Amino acid sequence: GYRASANQIYTVVIDLENRAWFGTQDGIYYFDGIEIRPVYDENQQRLPPIFDLFVDQKGVLWAGSSQGLYRRTLLNRNQVAFNEAPFEMEFLSLVPDFEPTLTRVKGSADGRIYAASPRGLFVRSPDGKSYQYTYQDGLPDNRVQDIFVVNAFPDPMIWVATDAGLTQYTESLRELDTTESQQS
């Protein structure tokens, strides 16, 4: 069998087209049922270490990395050419000039993306705005280990696991203050 060059595989996800994606120390690899290929960013560069992958309800692939958040819009099998260039991931800045390491990525039915980080919980709203929640906002600790999303109506329930315990986060979103986040 084929062996990807990555020694450490952190996460595996299957998209809506039944294709496998692997988050590794060496970035993302993709398996289409025939071969495994590396995935690059929009500049044809290798991706940083990818710690978590998430496919949302629309089929968009989200990746949490050592250098922030990436996404790939779904292309179905009819849109993908047989020998196309490796799939490109788009970088999405959460904090200008300071991108947190993201260890978990989850999403809710309302289109929000939630990312766990050693610097708190990051939330990306459907309109692209970023928010950050930390100990000062009521989290038990800044180091967020995991996120669990319950897609309840009208608002999702977000459970956040930190080094100091589990909490249900219900505070309304506030805009990210980049000065504060860099000092955290």
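Residues numbered from 1 in each chain as written. Predicted model: local features only at pLDDT ≥ 70, side-chain atom pairs only at ≥ 80, totals over all residues. Heavy atoms only, no water.

1. What about the side chain of Asp41?
With respect to the helices and strands, the residue Asp41 is situated in strand S4 (residues 36-41). For the buried Asp41, no salt bridge exists, and the shortest N-O distance to an oppositely charged side chain is 9.8 Å, to Arg46. A polar side-chain atom of Asp41 sits 2.8 Å from the main-chain amide nitrogen of Asn43. Apart from the residues within four sequence positions on either side, Asp41 is in contact with Leu47, Tyr70, Glu88 and Met89. (Helix = DSSP H or I, 4+ residues; strand = E, 2+ residues; numbered from the N terminus. Buried < 20%, exposed > 50% of the residue type's maximum accessible area, 1.4 Å probe, protein only. Lys, Arg positive; Asp, Glu negative; His and termini not counted. Salt bridge = Lys/Arg side-chain N within 4 Å of Asp/Glu carboxyl O. Polar contact = N/O pair within 3.5 Å; in protein donor to acceptor, adjacent residues only side chain to side chain. Contact = heavy atoms within 4.5 Å.)

2. Points about the pairing of strand S3 (residues 27-31)
Of all 5 residues that make up S3, 4 are buried, and the element is covered over most of its length. Inspection of the sheet shows strand S2 (residues 20-24) paired to S3 by 5 bridges, in the antiparallel sense. Each bridged residue has a counterpart across the sheet, and for Thr24 the counterpart in S3 is Gly27. Hairpin remark: S2 followed by S3, antiparallel, with 2 residues in the connecting loop. Relative to S4, S3 runs antiparallel, the two sharing 4 bridges. Looking at the pairing, Ile28 lines up with Val39 of S4. (Pairing = 2+ DSSP bridges.)

3. Description of the sheet that holds strand S8 (residues 88-92)
Taken in spatial order, the 8 strands of this open sheet run S1-S2-S3-S4-S8-S7-S6-S5, and their pairing is mixed. Of all the strands in the sheet, the pair left with one neighbour each is strand S1 (9-14) and strand S5 (50-55). Within this sheet the neighbouring strands show an average axis-to-axis angle of 30°, counted without direction. For strand S7 (residues 68-72) and S8, the ladder comprises 3 bridges, and the chain directions are antiparallel. Opposite Leu69, over in S8, you have Leu92 as the bridge partner. (Axes fitted to C-alpha atoms, helices over the stretch in contact; angles between N-to-C directions.)

4. Observations concerning the sheet that holds strand S15 (residues 165-169)
Taken in spatial order, the 3 strands of this open sheet run S13-S14-S15, and their pairing is antiparallel. Edge positions in the sheet fall to strand S13 (144-150) and S15, since each of these pairs with one other strand and no more. Across the sheet, the mean angle from the axis of one strand to that of its neighbour is 20°, orientation sign disregarded. Pairing between strand S14 (residues 157-162) and S15: 5 bridges, direction antiparallel. In the sheet register, Thr162 faces S15, and the bridge partner there is Gly165.

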